[in-house]
Amino acid sequence: MLVLTTPNGIINAWLGAAERVLGYAAEEVIGKSLSILFTPEDRQRGLDIHEISLAQSQGRSEDERWHIRKNGSRFWASGVLTAIRDQDGKLTGLCKLMRDKTDWRMRLQLLEDRVSLRDAEIARQDDFVKAKAHELRNPLMPINSALAILSRPDAGHLAVKAISILQNQVVLLKTLIDDLDTANGAAASVTTLQLQAVNLNDSLRAVCDGFQAQAGAENKALMLILPNPAVCINADPARVQQMLLNLIGNAMKYTRSGGRISVSASIEGDMAITRIEDDGRGIASDVLPHIFELFTREPRDDGIAGLGIGLAVVKELAEMHGGNVEARSQGQDKGSVFGLRLPIWLNPSQDPPINGPAKTTTTRMP
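Residues numbered from 1 in each chain as written. Predicted model: local features only at pLDDT ≥ 70, side-chain atom pairs only at ≥ 80, totals over all residues. Heavy atoms only, no water.

**Regarding the confidence of the model for the protein**
Confidence in the prediction of the protein, expressed as mean pLDDT, is 80, and 75% of residues score 70 or more. Confidence drops under pLDDT 50 across residues 185–190; counting only partners more than four residues distant or on other chains, this segment forms nine contacts. Low confidence marks residues 352–366, where pLDDT is under 50. Its contacts with residues over four positions away, or in another chain, come to 47 contacts. (pLDDT = per-residue confidence, 0-100. Contact = heavy atoms within 4.5 Å.)

Here's what the structure looks like:
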């Protein structure tokens, strides 16, 4: 579906499948703000205004979020809002292209539910193994008591053989229990996150400020575009900084002198997304599917090299938080886009305390 607006987001054309999907006839929406398509909670967050501002300043804004139809029902759509300029570069309007991806979103939700069920099953299996390991220790005391009895001088000539058998079995049983404990511990690496309300705007601002001197020295433009009000996420602040340093540092590394890096934040559904876009060296198509794997390094003849660890760390940390990270590139020398999604702070009763009290969460990683 296609919607055209004025430079300020006032609808002036209602095209394609817009009427069928959204339920509004053209005469009902022309002259109204594009904001009518946003959910009330996204409008309250100012995301409708932020999307228009981003398209005005950067030329385009993309997102995936819930939108609302005339009848109040919701659908999940991917959209791109693109600036339209005349031959002199003057902004003359905006073009919103949307695709209904509700079925895809529901299938994704189904897969996520299955993964959650599987994780819960694995956790139950871990608990089962631990319980059994504890139960297997219970027979050791009576066995040792029996050994003590058989060790008495009046136990008879069969006692020697019986004692030998029992001793061997006790050693074997203990070995099996120890192996079981060791296997259970090796099956999961336990990591602790200090979760709290984190102001993503402040975190991005701090990291970008730290790169500004380098950007100036290397003749690179580092731009930061933040929504108002600020985005608040449920995360470990130290880990958030680690992820942002890796992603923005990666963009700085692979952007040539005179190039541009753009960092922006927004909210899509219940996730906050940080996008880092650059017009640098890009990622080869054969490397892109493996970019977040440990020790993945693209062969280069320009002297730029890395250990292939940073992006793998970002992926692991993002998933520990219940989020994810993705990368896109049209190929070498065509720039790249990285998107980091992290859960937003949800507290329906009150505004979240920025950098609020920490909550310790233990996460098992495969």
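Next comes the rest of the description.
**Quick look at unusual backbone geometry**
The omega torsion of the bond from Asn228 to Pro229 falls at 10°, within 30 degrees of zero and hence cis. For Pro229, the location among the structural elements is in the loop between strand E7 (221–225) and strand E8 (232–235). Despite not being glycine, Asn219 shows a phi value in the positive range, around 60°. With respect to the element layout, Asn219 can be found in the loop between helix H8 (200–217) and E7. (Helix = DSSP H or I, 4+ residues; strand = E, 2+ residues; numbered from the N terminus.)

**Details of the packing of H8 against helix H9 (residues 237–253)**
At a minimum axis separation of 10 Å, H8 and H9 run at an interaxial angle of 35°. Read as a crossing pair, H8 and H9 show a hand that is right-handed. Where H8 abuts H9, its residues Ser203, Leu204, Val207, Cys208, Phe211, Gln214 and Ala215 lie against Val240, Gln241, Leu244, Leu245, Ile248, Gly249 and Met252. (Axes fitted to C-alpha atoms, helices over the stretch in contact; angles between N-to-C directions. Left-handed = near helix turned anticlockwise from the far one by under 90°.)

**Examining H9**
The end-to-end C-alpha distance of H9, which contains 17 residues, comes to 24 Å, matching closely the 24 Å that a straight helix rising 1.5 Å per residue would cover. Buried residues of H9: Val240, Met243, Leu244, Leu247, Ile248, Gly249, Asn250, Ala251 and Met252, and no others. For H9, the N-terminal cap is Asp236; the gap from its side-chain oxygen to the backbone nitrogen of Ala238 is 3.1 Å. (Expected span 1.5 Å × (residues − 1). Buried < 20%, exposed > 50% of the residue type's maximum accessible area, 1.4 Å probe, protein only. Polar contact = N/O pair within 3.5 Å; in protein donor to acceptor, adjacent residues only side chain to side chain.)

**Brief notes about the nonpolar core**
Within the largest apolar cluster, 43 residues are counted, with the highest numbers of intra-cluster contacts made by Leu222, Ile233, Met243, Leu247, Ile248, Val263 and Leu340. Sort the elements by how many residues they give to this core and H9 lands first, with seven residues. With 20 residues, the next largest nonpolar core counts Leu34, Ile52, Phe75 and Ala77 among its residues. (Core = buried A, V, L, I, M, F, W, Y, C linked by side-chain atoms within 4.5 Å.)

**Here's the deal with the pairing of strand E9 (residues 260–268)**
Summarising burial for E9: eight of the nine residues are buried, a large majority. Judged from the five bridges that link them, E7 and E9 form a sheet pairing that is parallel. Directly across from Ala221, in E9, lies its bridge partner Arg260. Judged from the eight bridges that link them, E9 and strand E10 (residues 271–278) form a sheet pairing that is antiparallel. Within E10, the residue paired with Ser262 across the bridge is Glu277. Between E9 and E10, which pair antiparallel and follow one another directly, the connecting turn spans two residues, one of which, Gly269, has a positive phi of 65°. (Pairing = 2+ DSSP bridges.)

**Quick look at the side chain of Ser329**
Turning to its location among the elements, Ser329 is positioned in the loop between strand E11 (324–328) and strand E12 (336–343). A polar atom in the side chain of Ser329 sits 3.0 Å from the backbone nitrogen of Ile283. A polar atom in the side chain of Ser329 sits 3.2 Å from the backbone nitrogen of Gly331. Those residues in contact with Ser329 that sit more than four places away from it in its chain are Gly282, Ile283, Leu288, Gly335 and Ser336.

**Quick look at the sheet that holds E10**
An order of E7-E9-E10-E12-E11 is seen for the five strands of this open sheet, with the pairing classed as mixed. Looking at the sheet topology across the chains shown, the edges are occupied by E7 and E11. Ignoring which end each strand starts from, the neighbouring axes of this sheet average 15° apart. With respect to the sheet, helix H4 (residues 47–58) is in contact with E7 and E9, its orientation differing from that of E9 by roughly 165°. Lying on the sheet, H9 is in contact with E7, E9, E10, E11 and E12; it crosses E12 at an angle near 170°.

**Focus on the environment of Asp333**
Looking at the element boundaries, Asp333 is found in the loop between E11 and E12. In this structure the C-alpha to C-alpha distance between Asp333 and Gly282, which are 51 residues apart in sequence, comes to 5.0 Å. Once residues lying within four places of it in the same chain are set aside, the contact partners of Asp333 are Arg256, Gly280, Arg281 and Gly282.

**Quick notes on the packing of H9 against helix H10 (residues 310–320)**
The geometry of H9 relative to H10 is characterised by a closest axis approach of 9 Å and an angle of 145° between their N-to-C directions. The two elements H9 and H10 meet at a crossing, and its hand is left-handed. Mapping the contact onto sequence places Arg239, Gln242, Met243, Asn246 and Leu247 in H9 and Gly310, Leu311, Val313, Val314, Leu317 and Ala318 in H10. For the contact of H9 with H10, the class distribution of residues is seven nonpolar, three polar and one charged. (Nonpolar A, V, L, I, M, F, W, Y, C, P; charged D, E, K, R; others polar.)

**Considerations on the sheet that holds strand E1 (residues 2–5)**
The strand order E2-E1-E5-E4-E3 describes an open sheet built from five strands, whose pairing is antiparallel. If you trace the sheet from one side to the other, it starts and ends with strand E2 (11–15) and strand E3 (60–68), each paired once. Strand-to-strand twist across the sheet, computed as the mean angle between neighbouring axes with direction ignored, equals 20°. Running at roughly 160° to E3, H4 makes contact with E3, strand E4 (74–85) and strand E5 (91–100) of the sheet.

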